[in-house]
Structures are given as structure tokens and as C-alpha cells.
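Survey of secondary and tertiary structure
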Amino acid sequence: MPFDHSSPDDGDIADSPAKPPVPEDVADAIRTLIRWAGDDPDREGLIDTPKRVARAWKEYCQGYAQDPAHHLSRVFEEVGGYDEIVLLKDIPFQSHCEHHMAPIIGRAHIAYLPQDHVVGISKLARVLHAYARRLQVQERLTAEVADCIWEHLKPRGVAVVIEASHACMTARGVRTPGVMMMTSRMMGVFRDDDRSRKEVLALMGFE
Ligand SMILES: [Zn+2]
């Protein structure tokens, strides 16, 4: 639950096998940040915050420990002659922008046109999350997901559309809540053929 701020009481925060140890310099860095923000890291309510924040960041960034392509390594050749678009729509995801380390919250639509094999549909979401759970910019996230599918699944086309709101824009700076940023990457037939591109965008809900 990366963004669950509902309760600061997450039980025993002592180091345990379930909770990875937090190096002292990491906790110190977060204490420094709290002081810089204007609060006292030694007051009771903040005493365990550095460890919680450190572990939360390990979770937000667990994509660094994954190879996204691994999720595409198991394919199914028996597709019964299916040669139409496969689309996974409205996949919710969370990421963090590399400029402010602020949340990016959005939805992705991932489609491909199979050549002669397909992957389990949940694998497309796993590829997305493996890239999203890193420090990102939305443009690169979009390109990385599309490129990974293109390279490892070798389909006839890939289309990735991502819509997301950036907390660095909605909660600070110009403070414009509700603004969504949209990015897309079209490859193969979805880039080269107008009709295919229109068809996939319509299936995604963009008429
Ligand atoms: Zn930002």
C-alpha cells in the first residue's frame, strides 16, 4: 500500500525479518530533511518516521530489483488463429517523478497485435509496474514499456497510452489539481497504418 497515509501506527517498527534493516545514514538523511522542512525529528510523533519513510521508498522503488523483460519470457503459441488486437485497459499504477520524487498517479492502456504468440494478459501490467516502481518521467516510462514489449514479444504492433497526474504539479509549483498528462508510443502497424492506430485508440476509449 504505497500511499496509505491513513495510520502512522504500523505496529512494531523494531527491525524484524519482515522489515529490512534501515542503514543509519539513510535514517539520518530523512531526519535532516525533516529538520530542513521545519520540524523537530526528535519529537515523539516523528521518532520512527525516518525508518518508515526509508522502507516506504524501498517499496516505491522495488522495480529496480526486477527485470521487466522476465515477465514476457513465457509465451503461448496456441492462440487459435487469433490475430486481432490484445488490449489491457485502465491499468492503475503509481510511480515517482525523478525531478521531485513526488507521486505520479495514473492509468495505462497497453495493446499489441500478436505475431504468432501471446503472453498472459497480467504480464503486461507487470511490465508496467516494473518500470513504474522507479524514479521516472512519464515520457520515458511510456517508451520503456512499449520498447520492452516490442523487443521481447516481437508483435506486429505495440500501442501504449499513459494518462497521469503529477503531484509535483498538483500539490506544489503551479498547483493545478485535476490536470492529466498524456503520453503515447505507437510502434509497428500502430505507427505506420492510420486505420490500425485509429482502431486501437478507439478500443482504448479515445474516439
Ligand atoms: Zn516532478
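Under an unreviewed UniProt entry, the chain has the name GTP cyclohydrolase 1 and belongs to Stakelama sediminis. Of the chain, the UniProt comment under Pathway (unreviewed entry) reads exactly: "Cofactor biosynthesis; 7,8-dihydroneopterin triphosphate biosynthesis; 7,8-dihydroneopterin triphosphate from GTP: step 1/1." Regarding the chain, the relevant UniProt record gives this comment under Catalytic activity (unreviewed entry): "GTP + H2O = 7,8-dihydroneopterin 3'-triphosphate + formate + H(+)".

1. Structural notes on the overall build of the chain
A tally of helices and strands in the chain yields seven helices and seven strands. Listing each helix as α and each strand as β along the chain from the N terminus yields α-α-β-β-β-β-α-β-α-β-α-β-α-α. Taken along the three principal axes of its C-alpha coordinates, the chain extends 65 × 40 × 25 Å. Burial status across the chain gives 25% buried among its 207 residues. At a minimum sequence separation of 6, the contacts of the chain that also span at least 24 residues come to 71%.

2. Side note on the UniProt feature "binding site: Zn(2+)" (unreviewed entry) in the chain
Here the UniProt feature "binding site: Zn(2+)" (unreviewed entry) sits at Cys-97, His-100 and Cys-168. Despite a sequence span of 72 residues, these residues sit close together in the fold, their greatest C-alpha distance being 7.9 Å. For Cys-97, the position within the fold is in strand E2 (residues 86–97). Those residues in contact with Cys-97, other than ones at most four positions away along the chain, are Ala-102, Ile-104, Gln-136, Val-137, His-166 and Cys-168. Residues contacting Cys-168, with those up to four places away along its chain left out, are Cys-97, His-99, His-100, Ala-102 and Gly-173.

3. Some points on the environment of Lys-123
Mapped onto the elements, Lys-123 comes out in helix H3 (residues 122–132). Taking C-alpha positions, Lys-123 is 9.9 Å from Leu-88, a pair spaced 35 residues apart along the chain. Setting aside its immediate chain neighbours within four residues, Lys-123 contacts His-71 and Leu-72.

4. Looking at the confidence of the model for the chain
The predicted model of the chain has a mean per-residue pLDDT of 90, with 92% of residues at 70 or higher. Counted against residues more than four places away or in other chains, residues 1–15, with its pLDDT under 50, gives eleven contacts.

5. What to know about the nonpolar core
Judged by nonpolar contacts, the single largest core of 32 residues is most densely connected at Val-127, Leu-128, Val-145, Ile-149, Val-158, Ala-159 and Val-160. Elements with a contribution of two residues or more to this core: strand E3 (103–113), H3, helix H4 (138–153), strand E6 (157–166), strand E7 (181–188), helix H6 (189–192) and helix H7 (194–204). Setting aside chain neighbours within four positions, we find Val-160 in contact with Ala-108, Ile-110, Thr-142, Val-145, Ala-146, Ser-184 and Arg-185.

6. A look at unusual backbone geometry
Not every positive phi belongs to a glycine, and Asp-90 is a case in point at roughly 60°. Within the secondary structure, Asp-90 is located in strand E2. Classification of Asp-90 by C-beta neighbours within 10 Å gives exposed; the count is 10. Of note, Lys-154 is a non-glycine position whose phi angle comes to about 45°, a positive value. Residue placement: Lys-154 occurs in the loop between H4 and E6. Owing to 15 C-beta atoms within 10 Å, Lys-154 belongs among the partly exposed residues under this scheme.

7. Section: the sheet that holds E3
Ordered by their spatial adjacency, five strands build an open sheet running E5-E2-E3-E6-E7, and the pairing between neighbours is mixed. The two strands at the open ends of the sheet, each matched to only one other strand, are strand E5 (135–136) and E7. The sheet contacts of H3 involve E2, E3 and E5, and relative to E2 the element is tilted by about 15°.

8. Some words on the packing of helix H1 (residues 24–37) against helix H2 (residues 49–60)
Relative to each other, H1 and H2 sit at 110°, their axes nearing to 8 Å. It follows that H1 is roughly perpendicular to H2 by the angle criterion. Between H1 and H2 lies a crossing of right-handed hand. Here H1 contributes Val-26, Ala-27, Ile-30, Arg-31 and Ile-34 to the contact with H2, which in turn contributes Thr-49, Pro-50, Lys-51, Val-53 and Ala-54. Taken together, the residues of the contact of H1 with H2 sort by class into seven nonpolar, one polar and two charged.

Calculation rules
Residues numbered from 1 in each chain as written. Predicted model: local features only at pLDDT ≥ 70, side-chain atom pairs only at ≥ 80, totals over all residues. UniProt positions renumbered as here; feature names shortened; annotations may be inferred. Helix = DSSP H or I, 4+ residues; strand = E, 2+ residues; numbered from the N terminus. Buried ≥ 20, exposed ≤ 12 C-beta atoms within 10 Å, placed from the backbone. Contact = placed C-beta atoms within 7 Å. pLDDT = per-residue confidence, 0-100. Core = buried A, V, L, I, M, F, W, Y, C linked by C-beta atoms within 7 Å. Pairing = 2+ DSSP bridges. Axes fitted to C-alpha atoms, helices over the stretch in contact; angles between N-to-C directions. Parallel < 35°, antiparallel > 145°, perpendicular 65-115°, else oblique. Left-handed = near helix turned anticlockwise from the far one by under 90°. Nonpolar A, V, L, I, M, F, W, Y, C, P; charged D, E, K, R; others polar.

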